[in-house]
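# Notes for the structure review
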Amino acid sequence: MGLAMNVSLEMEANESAPEKKDLKTSYIGSLKLIEQLHRLLLDVVKDEFERLGRTDVNSIQALLLYNIGDNEVTAGELTGRGYYLGSNVSYNLKKLVQAGFVNHQRSTTDRRSVRVSLTDKGREISNVVNRLFERQLGSLEQVGGVAQNDLEALNKSMDRLQRFWSDQIRYQL
């Protein structure tokens, strides 16, 4: 009994004492958190559509429609601008065209390139995602404890990480 209590107290002491993390631990922790946050975002969007009884698009497709918005873009532009996370852009665009959410028009100069824009049906989905984000903004600070300056600091760090990774790829570092 005494040994178990000792181990328990040591564990509590270790959990409450701030541990000095090394760079690798912090970096790996950040990578895991980025991945988890992306999955959670997809779940939040999925839950919103389930609440509305909408099964005509999945969360990846809904975010894709939201990110296209009022623009006319190519699949390459969506990927290059970082507007899209998830599985294959072309596959999902094809499905969205077939379902009537997206208009597509082949480029006259490059037959391989297709420009896409939202139909009224696609704008409806985009608006659902927009309303979800607007609703979340109403409680982000009060309930989530996330203030604007927190987001600005996070965005600054994420921009730096994005630049670092881009350079790793571009310059094969």
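See the structure printed just above.
These lines cover the structure that appears in this document, whether it is placed above or below. (Residues numbered from 1 in each chain as written. Predicted model: local features only at pLDDT ≥ 70, side-chain atom pairs only at ≥ 80, totals over all residues. Heavy atoms only, no water.)

### Comments concerning the overall build of the protein
Across its full length, the protein carries seven helices and three strands. Across the protein, helices and strands are ordered from the amino to the carboxyl terminus as α-α-α-β-α-α-β-β-α-α. Buried positions account for 23% of the 173 residues belonging to the protein. Once local pairs closer than 6 in sequence are excluded, the contacts in the protein between residues at least 24 apart make up 56%. Summed over its atoms, the accessible surface of the protein is roughly 12,900 Å², and 53% of this surface lies on carbon and sulfur atoms. (Helix = DSSP H or I, 4+ residues; strand = E, 2+ residues; numbered from the N terminus. Buried < 20%, exposed > 50% of the residue type's maximum accessible area, 1.4 Å probe, protein only. Contact = heavy atoms within 4.5 Å. Areas by Shrake-Rupley, 256 points an atom, 1.4 Å probe, with all protein chains shown as cover.)

### Focus on the side chain of Glu-48
Along the chain, Glu-48 falls in helix α2 (residues 23–51). Among the residues examined, Glu-48 registers a relative accessible area of 7% and is labelled buried. In this structure, Glu-48 is in contact with Val-128, Leu-132 and Arg-135, ignoring residues within four places of it in sequence.

### Quick word on the sheet that holds strand β1 (residues 73–74)
Taken in spatial order, the three strands make up an open sheet running β1-β3-β2, and their pairing is antiparallel. Either end of the sheet is taken by a strand with one partner, and the two such strands are β1 and β2 (102–106). With five bridges joining them, β2 and strand β3 (residues 114–118) adopt antiparallel strand pairing. Counted as the bridge partner of Arg-106 is Val-114 from β3. (Pairing = 2+ DSSP bridges.)

### Some remarks on the packing of aromatic side chains
If you walk through the whole model with that rule in mind, you get one aromatic pair. For the pair Tyr-66 and Phe-133, a centre-to-centre distance of 5.2 Å together with 90° between the ring planes defines the contact as edge-to-face. Separated by 67 residues along the polypeptide, Tyr-66 in helix α3 (residues 59–68) and Phe-133 in helix α6 (residues 120–137) bring together distant segments of the chain. Over the face of the ring belonging to Phe-101 we find Lys-121, whose NZ or CZ atom lies 4.7 Å from the ring centre. (Phe/Tyr/Trp six-rings, centres within 6.5 Å; stacked < 30°, edge-to-face > 60°. Lys NZ or Arg CZ within 6 Å of the ring centre and 35° of its normal.)

### Here's the deal with the nonpolar core
Ranked by size, the top nonpolar core spans 24 residues in total, and within it Phe-49, Val-57, Leu-65, Ile-68 and Leu-93 carry the most contacts. Elements that contribute at least two residues to this core include exactly α2, α3, α4 (75–80), α5 (89–98), β3 and α6. It is α3 that contributes the most residues to this core, six residues altogether. When neighbours within four sequence positions are excluded, Ile-68 is seen to be in contact with Val-73, Leu-78, Leu-93, Val-116, Ser-117 and Leu-118. (Core = buried A, V, L, I, M, F, W, Y, C linked by side-chain atoms within 4.5 Å.)

### Focus: the layout of surface pockets
Counted as a void, the second largest pocket has a volume near 180 Å³. As for the second largest pocket, its lining consists of Ala-75, Ser-90, Leu-93, Lys-94, Val-97, His-104, Arg-112, Val-114 and Val-116. Only α5 and β3 provide two or more residues apiece to the lining of the second largest pocket. No other element matches α5, which puts four residues into the lining of the second largest pocket. (1 Å grid on protein atoms, 1.4 Å probe; cavity = no way out; pocket = protein on both sides within 12 Å on 5 of 7 lines; lining within 4 Å. Points joined across faces, edges and corners; volume = space filled by probe spheres on them.)

### Some remarks on unusual backbone geometry
Not every positive phi belongs to a glycine, and Gln-172 is a case in point at roughly 50°. Secondary-structure assignment places Gln-172 in the segment after α7 (148–170). A residue is classified by how much of its surface remains accessible, and Gln-172, at 73% relative accessible area, is exposed.

### Quick word on the packing of α2 against α3
As a packed pair, α2 and α3 sit with axes 8 Å apart at the nearest point and diverge in direction by 95°. Classified by the angle between their axes, α2 and α3 sit roughly perpendicular to one another. Touching Leu-41, Leu-42, Val-45, Lys-46 and Phe-49 of α2 are Ser-59, Ile-60, Ala-62 and Leu-63, all from α3. Considering only residue class, the contact of α2 with α3 consists of seven nonpolar, one polar and one charged. (Axes fitted to C-alpha atoms, helices over the stretch in contact; angles between N-to-C directions. Parallel < 35°, antiparallel > 145°, perpendicular 65-115°, else oblique. Nonpolar A, V, L, I, M, F, W, Y, C, P; charged D, E, K, R; others polar.)

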